[in-house]
Amino acid sequence: MTMKMNRSLLVLATLSLTLLAGCASLNKFLKNAFKKPQLTFKTARLSKASLSDATVDLVYELNNPNPLGLNLASVSYAFFVEGKQVVAGTPAKGLNVAANGKSELVFPANVKFADIAPVVTTFLNKDSAQYKAQGSVGFNTPIGVVSFPLEHEGTFEVPKIPQVQFDSPRISNVTLQGATVEFPLTVKNRNSFPLPVAGITGALKVAGASVGNLNTGNLGLLEAGTTKQITLPLTINFLSAASAASALRSGGSAQVKLDGQLVSGAQNVPLNVGQLLNFRR
C-alpha cells in the first residue's frame, strides 16, 4: 500500500512539474509574441459648449496588434487651460481595448470660463485658448502593466458670442394712439459647434425714444453655423414715443437700438445692437 502511495505521489509530482513547465513556456511564449501597442493623439474637440463653460475632449487612439484584448490598469490625468488647472475626467475603470484593432480613449475636462479669466466676456473675445495635458495611462498585458504618457499641448476654439441683428421692421397696424410693429431679429451661431441660447432680452429705442422691451424666450440649441430668425411684435404708444411717431405713421427710416443681454449656459453677456432701419408697411 505504501508503494502504491509513493507511485501516486510520484505521478502527481511529475504532472505538477509538467504543468509548471508548460505554464512557464506559455508565459515565455506570450511575452515573446506580445507586441507593444501604440498610443497616438488624434484630436481635441468640444463635446459640449456654452458661453459659460465647455467640455474639452482629448481623444487618443490605441492600436493593439495582439490577439488578446487589454484592460485599463491605471490612469493619472491633469488638464490646464491658460496655465490654470481645471476639473478633468478619465475613461471608466475596466475599459477594454479590442484585440487586433484600434480603440478610442476619450479624456474629458470641464472648463468653466469664470475660473480662467476674471471677466468672462474678455475670455470670449479670444479666438482660441491654450491647453496642456499631463499624466499617463496603463494597461494590463502579458508582460505586466504597460504605461503611455498623455503629455500634449495645443489650442481649442473659444465659443463666440452669437451675432444678433435686426431686419426691416413691419408696421402691421396704425391707429391715432400708436402702432403695432413686428421686429424681425436674426441670431447667428458663428461657431463650428452647437451653442445653446436661453434667450435675448432688452430695452428697445426707436429714434431715441424708449418704446418697450423685447424678449425672445428660450431659443434652444443653435446648430453650428446656422441662423435663427424670430419676429417680435411690439405695440408702441405715440404719446410716449413722439420722436418715433413720424416713421411709424408713414414708414421711413429710423435708428433702432437694443440694450440688453444674451443668455447662454450660466452666462449673461451684454448685448448692444444699433441699426438704421427702414420701417415698411
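The notes below deal with the structure included here. (Residues numbered from 1 in each chain as written. Predicted model: local features only at pLDDT ≥ 70, side-chain atom pairs only at ≥ 80, totals over all residues. Heavy atoms only, no water.)

Attention now goes to the side chain of Thr141. As for its placement among the helices and strands, Thr141 is situated in strand E7 (residues 128-141). Its relative accessible area of 13% is what places Thr141 among the buried residues. Those residues in contact with Thr141, other than ones at most four positions away along the chain, are Phe34, Leu70 and Val146. (Helix = DSSP H or I, 4+ residues; strand = E, 2+ residues; numbered from the N terminus. Buried < 20%, exposed > 50% of the residue type's maximum accessible area, 1.4 Å probe, protein only. Contact = heavy atoms within 4.5 Å.)

Moving on: the sheet that holds strand E15 (residues 209-215). One open sheet accounts for four strands, arranged E15-E14-E18-E19; its pairing is antiparallel. The two strands at the open ends of the sheet, each matched to only one other strand, are E15 and strand E19 (267-279). Neighbour to neighbour, the strand axes of the sheet diverge by 20 degrees on average, direction disregarded. Looking at chain direction, strand E14 (residues 199-206) and E15 are connected through six bridges and run antiparallel. (Pairing = 2+ DSSP bridges. Axes fitted to C-alpha atoms, helices over the stretch in contact; angles between N-to-C directions.)

Ranked by internal contacts, the top residues of the largest apolar core, which has 76 residues, are Phe79, Phe139, Phe166, Phe183, Ile200, Leu204 and Phe279. Ignoring anything within four residues of it in the chain, the contact list for Phe183 reads Phe166, Pro169, Leu204, Val206, Ile230, Thr231, Leu232, Leu234, Ile236, Val256 and Phe279. (Core = buried A, V, L, I, M, F, W, Y, C linked by side-chain atoms within 4.5 Å.)

Let us now look at the environment of Val211. Positionally, Val211 belongs in strand E15. Spatially, the C-alpha atom of Val211 lies 5.7 Å from that of Ile236, the residues being 25 residues apart in sequence. Among all residues touching Val211, those that are not within four sequence positions of it are Leu204, Lys205, Val206, Leu234, Thr235, Ile236 and Ala241.

Bringing the side chain of Asn189 into the picture now. Structurally, Asn189 is set in the loop between strand E12 (178-188) and strand E13 (195-197). Among the polar contacts listed, one links the side chain of Asn189 to the backbone oxygen of Leu222, at a separation of 3.0 Å. Among the polar contacts made by the side chain of Asn189, one reaches the main-chain carbonyl oxygen of Glu223 at a distance of 3.2 Å. When sequence neighbours within four positions are dropped, the list of residues in contact with Asn189 reads Pro194, Leu195, Leu222, Glu223, Ala224, Gly225 and Thr226. (Polar contact = N/O pair within 3.5 Å; in protein donor to acceptor, adjacent residues only side chain to side chain.)

Right, let's talk about the packing of aromatic side chains for a bit. Two measures describe an aromatic ring pair: the distance that separates the ring centres and the angle between the ring planes. This model, assessed by the stated rule, comprises nine aromatic pairs. Seen in terms of ring centroids, Phe41 and Tyr60 are 5.5 Å apart; in terms of plane orientation they differ by 75 degrees. Their pairing is edge-to-face. Of this pair, Phe41 sits in strand E1 (residues 38-49) while Tyr60 is found in strand E2 (residues 53-64), placing the two residues 19 residues apart along the sequence. Ring centres of Tyr77 and Phe107 lie 4.9 Å apart, and the angle between their planes is 45 degrees; on these two criteria the pair is classed as tilted. Of the two residues, Tyr77 sits in strand E3 (residues 70-81) while Phe107 sits in strand E6 (residues 101-112), which places them 30 residues apart along the sequence. Per residue, the accessibility class of Tyr77 equals that of Phe107, and both read buried. Feature note: the residues Phe41, Tyr60, Tyr77, Phe79, Phe107 and Tyr131 constitute an aromatic cluster, connected by ring pairs. (Phe/Tyr/Trp six-rings, centres within 6.5 Å; stacked < 30°, edge-to-face > 60°.)

With that settled, consider the pairing of E1. Summarising the sheet, E1 and E2 pair through ten bridges and their orientation is antiparallel. Counterpart to Thr43 in the pairing with E2 is Val59. Hairpin connection of E1 to E2: three residues between the antiparallel strands.

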